[in-house]
Amino acid sequence: MELINNNFIKLSKIDIFLEIQNQENIAKLNFFQRLLNVILEYERLEKVKFDYIYMSIKDLLDLNILDLNKIPITRNSLFNATLFAIYSGEVEVAQKLQKYFYKDKIYKEEIPDLFNYVLEHSIDMNEYFNGERKRLVYSNTNNKLEEEYIYTLDKLRVKRVLK
């Protein structure tokens, strides 16, 4: 499980299985079992298999399912944010971020001043230049998986580009 940006987390099926296995809270257990059922039904009907889904942080907060401070960002998101900082001429930010490259996962308390920057700029640079692709997002309101964009590209447009 990982934070992708300020709006979404990424969950693998393994994350969901672990939540079900280790859950003592009945409401949380029911939520993750329902989520797993939706995923398995979607795979069966669409005849596809996938490893990850995305879920709205707002849904998680509304349901009081997970503590966001315990969900990490990954090295990949850190790399993407660093590349974006370099591309947009924010060299100081890139230098601060590169100090954490040795870690697989980073939690908010480790880089409180840069954490939001990483979440806001974690898009893969290929997607930034070539266009974002849709991802499967679980909608708790509709209790189904839907294809959606998870980044807000218009907020990311760089005004200053390195030469």
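These numbers come from a predicted model, not from an experiment.

Draft legend 1. Spotlight on helix H1 (residues 13–22). Restricting attention to buried positions, one finds in H1 the residues Lys 13, Asp 15, Ile 16, Glu 19 and Ile 20. With its buried residues spanning 160° around the axis, H1 presents them on a single face. Facing away from the buried side of H1 by more than 90 degrees, the exposed set consists of Ile 14, Gln 21 and Asn 22. Of the surrounding elements, those touching the buried residues of H1 are strand S2 (8–12) and helix H2 (26–46).

Draft legend 2. Region of the structure containing the nonpolar core. Residues Ile 9, Leu 35 and Leu 145 are the most contacted members of the largest nonpolar core, which totals 48 residues. Top contributing element to this core by residue count: H2, with eight residues. Beyond its immediate stretch of four places on either side in the chain, Leu 145 contacts Val 38, Ile 39, Tyr 42, Phe 50, Ile 53, Leu 136, Val 137 and Tyr 138.

Draft legend 3. Highlighting the pattern of salt bridges. Counting across every chain of the model gives seven salt bridges. Here Glu 43 ties to Lys 49 by a salt bridge, and the two come within 3.8 Å at their closest N and O atoms. For Lys 49, a relative accessible area of 71% puts it in the exposed group. Through salt bridges with shared partners, a single network forms among Lys 13, Glu 43 and Lys 49.

Draft legend 4. Spotlight on the pairing of strand S7 (residues 144–148). Alignment of strand S6 (residues 135–139) against S7, held across five bridges, turns out to be antiparallel. If you follow Arg 135 over to S7, its bridge partner there is Glu 148. Connecting the antiparallel pair S6 and S7 is a turn made up of four residues, with Asn 143 showing a positive phi of about 50°.

Draft legend 5. Fine view of helix H5 (residues 91–98). Taken together, the buried positions of H5 are Val 93, Ala 94 and Leu 97. Down the axis of H5, the buried set is contained in an arc of 100°. They therefore lie on one face.

Draft legend 6. Representation of the packing of aromatic side chains in the model. Summed over the entire model, instances satisfying the criterion amount to eight aromatic pairs. Between Phe 31 and Phe 32 the ring centres are 5.1 Å apart and the planes differ by 80°, which places this aromatic pair in the edge-to-face class. Per residue, the accessibility class of Phe 31 equals that of Phe 32, and both read buried. Between Phe 79 and Phe 101 the ring centres are 4.5 Å apart and the planes differ by 85°, which places this aromatic pair in the edge-to-face class. Of the two residues, Phe 79 is situated in helix H4 (residues 75–87) and Phe 101 in the loop between H5 and strand S5 (105–106); the sequence distance between them amounts to 22 residues. Given a relative accessible area of 33%, Phe 79 falls into the partly exposed group. Classification of Phe 101 as partly exposed rests on a relative accessible area of 27%. A connected cluster of aromatic rings, assembled from ring pairs, spans Phe 84, Tyr 87, Tyr 128 and Phe 129. Above the plane of the ring of Phe 50 lies Lys 13, whose end atom (NZ or CZ) is 5.8 Å from the centre.

Reading the values: rules and limits
Residues numbered from 1 in each chain as written. Predicted model: local features only at pLDDT ≥ 70, side-chain atom pairs only at ≥ 80, totals over all residues. Heavy atoms only, no water. Buried < 20%, exposed > 50% of the residue type's maximum accessible area, 1.4 Å probe, protein only. Helix = DSSP H or I, 4+ residues; strand = E, 2+ residues; numbered from the N terminus. Arc of directions from axis to C-beta. Contact = heavy atoms within 4.5 Å. Core = buried A, V, L, I, M, F, W, Y, C linked by side-chain atoms within 4.5 Å. Salt bridge = Lys/Arg side-chain N within 4 Å of Asp/Glu carboxyl O. Pairing = 2+ DSSP bridges. Phe/Tyr/Trp six-rings, centres within 6.5 Å; stacked < 30°, edge-to-face > 60°. Lys NZ or Arg CZ within 6 Å of the ring centre and 35° of its normal.

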